[in-house]
Amino acid sequence: MKPSSKIMFKSFKSDVWICLKLTIVFGIVFTLINQAFTLKEAGLVFLFSGMYSFILGLGNGIINDYLSAKWDWVTQTNQRVWWGIIATVIYTIVAVLGIHYIQYFVIFSNKIENFFTGQFLWMHLFAIILSLGIAAFFHAKGFIVNWKKSIKQETTQHEIVAKTETAKFETLKSQIDPHFLFNSLNVLTSLISENPKQAEKFTTKLSKVYRYVLEQRNKELVPIQEELQFAKTYMELLQMRFEEAVKFTIPEEVSNFELKIVPLSLQLLLENAVKHNVVSASKPLEIRIFEEDGFLKIQNNINPKEAIGKSTKVGLRNIADRYGLITDRNVQIINNNKTFTVCLPLLIDIKNSIMGTKSLENSNYVKAVERVEKLKEFYQNLVSYCIVVPFLIFINLKTYSRFQWFWFPMIGWGIGLVFHYLEVNNYNLFLGKNWEERKIKELMEEEEKYK
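All values reported here derive from a predicted model rather than from experimental measurement.

The next point concerns the side chain of Ser49. Tracing the backbone through its elements, the reader meets Ser49 in helix α2 (residues 39-70). Given the relative accessible area of 8%, Ser49 is considered buried. Among the polar contacts listed, one links the side chain of Ser49 to the backbone oxygen of Thr23, at a separation of 3.0 Å. If near-sequence neighbours (up to four positions away) are discounted, Ser49 is found in contact with Leu22, Thr23, Phe26 and Gly27.

Right, dumping it as structure tokens:
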């Protein structure tokens, strides 16, 4: 089953459960109100309650889910709104008339010629308007939920950029650390006089380290094979510096070539291991890198330096932050006082993460947010209209049906809604669509002519 199908099926199950609960609740309420205490009367009340709940509620829920899957609320707002209005109105009218036909003309045996006359006409109208109001509320709710999700995603992407750039800066700063560079140059200086060939190898590996940093600095994830090859080069560099005081084990092959990790994370961890532990021939630093249970694990023995002071764990926090922003799987840190192990989650592809490749500096984003705010106001207005007007009709017909005053607020408010919707879509009946933008452009062009 596809992910979208699973989501729709899960939503359908939720809607069925809600409709069942509504059937039971309204069945009990109307049983008590109508004092339908016989088995037949109570059965009819629950039957009608189920018809309204499942036919209207579940039907509109399915339509809502289908339309939301077909047209995105945020990027395809116009299509979603118009098809939502058309489909909901048509289905609601047909469903209400079908329910009333079964209820009043099949079960209660009223004359079919009275279907669109007298009190039946007003019952149809009241039920349709009330149902449309409830449906509009759920459509508006769906829109707001999707809008919030979109805003959250944009906020997360901004956070990703900020955190990633910070992490990149810290990584580069650590990589081009003056102490590391100073020590490397000292080793190179001594090797030049003692072992020119070894000095040449050292220089080659040092250049590879820095070239890799420059190549990977703009990437979010890199294949594990590349990172392991870099780690091997880096460790060989450290081994040439510390000789027998550093021992390391790195896997030659990986289980899946599609697996990826955050770039330069291994370098940070290896440098931390050297920085915080004694590295000597009597107490060698043993580093082991291996793959296990979906993680790449970097493990080293613990021989803490006395004068190093308390670790700030800046490097570990940066790695954890970057993983936390692109996957739900967390970086794991295990310290048993004998070995220190950092477990990096192995990811398949950056497409599976929440990272986006599109630019966040899109000026249309601001316009979209403003339009969403206007749409929220319009839907609130529409929901209020669909709830208040039916009650006005009901009060008018129940109190003084000879003068139907409800037409005035219904038509007046309805015209206001139409103009509100036109405003949301930046349309003016007399000036056309996007007239403000056209006028601004025209005035700017005129001003440019006179410069």
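So that's the structure; there's more coming.
Further remarks concern helix α11 (residues 407-424). When the terminal C-alpha atoms of α11 are compared, their 25 Å separation across 18 residues agrees well with the 26 Å that a helix rising 1.5 Å per residue should span. Along α11, the residues that are buried comprise Met410, Gly414, Leu417, His420, Tyr421, Leu422 and Val424. At the C-terminal side of α11, Asn426 shows a positive phi close to 55 degrees.

Now for the sheet that holds strand β5 (residues 295-301). Strand order in this open sheet of five strands is β2-β4-β5-β7-β6, and the pairing throughout is mixed. Two strands lie at the open edges of the sheet, namely β2 (246-249) and β6 (332-335), each paired on one side alone. The mean inter-strand angle of the sheet, taken between neighbouring strand axes irrespective of direction, is 15 degrees. As paired strands, β2 and strand β4 (residues 285-292) are joined by four bridges and run parallel to one another. Considered in β4, the bridge of Thr249 is made with Arg288. Of the strands in this sheet, β2, β4 and β5 touch helix α7 (residues 224-242), which is tilted by about 160 degrees from β2.

Looking now at the packing of α7 against helix α8 (residues 265-276). Here α7 crosses α8 at 25 degrees, and the two axes come no closer than 9 Å. With respect to each other, α7 and α8 are oriented roughly parallel. α8 is crossed by α7, and the crossing has right-handed handedness. Here Glu227, Leu228, Phe230, Ala231, Tyr234, Met235, Leu238 and Phe242 of α7 lie close against α8, whose contacting residues are Ser265, Leu266, Gln267, Leu270, Glu271 and Val274.

Relative to the helices and strands, Leu417 is located in helix α11. Residues Leu417 and Leu382 lie 35 residues apart in sequence; the distance between their C-alpha atoms is 7.0 Å. When residues no more than four places from it in sequence are discounted, the contact partners of Leu417 are Phe378, Asn381, Leu382 and Tyr385.

Moving on to the packing of aromatic side chains. With the rule as written, the count across this model stands at 14 aromatic pairs. Ring geometry for Phe115 against Phe116: centres 4.7 Å apart, planes inclined by 85 degrees, an arrangement best described as edge-to-face. The exposure class of Phe116 is exposed, given its relative accessible area of 53%. Among the aromatic residues, those joined into a ring-pair cluster are Tyr101, Tyr104, Phe105, Phe115, Phe116 and Phe120. Above the ring of Trp71, the side-chain terminus of Lys70 is found at 5.4 Å from the ring centroid. Lying over the aromatic face of Phe295, Arg329 brings its terminal NZ or CZ to 4.8 Å of the ring centre.

Reading guide: rules and limits
Residues numbered from 1 in each chain as written. Predicted model: local features only at pLDDT ≥ 70, side-chain atom pairs only at ≥ 80, totals over all residues. Heavy atoms only, no water. Helix = DSSP H or I, 4+ residues; strand = E, 2+ residues; numbered from the N terminus. Buried < 20%, exposed > 50% of the residue type's maximum accessible area, 1.4 Å probe, protein only. Polar contact = N/O pair within 3.5 Å; in protein donor to acceptor, adjacent residues only side chain to side chain. Contact = heavy atoms within 4.5 Å. Expected span 1.5 Å × (residues − 1). Pairing = 2+ DSSP bridges. Axes fitted to C-alpha atoms, helices over the stretch in contact; angles between N-to-C directions. Parallel < 35°, antiparallel > 145°, perpendicular 65-115°, else oblique. Left-handed = near helix turned anticlockwise from the far one by under 90°. Phe/Tyr/Trp six-rings, centres within 6.5 Å; stacked < 30°, edge-to-face > 60°. Lys NZ or Arg CZ within 6 Å of the ring centre and 35° of its normal.

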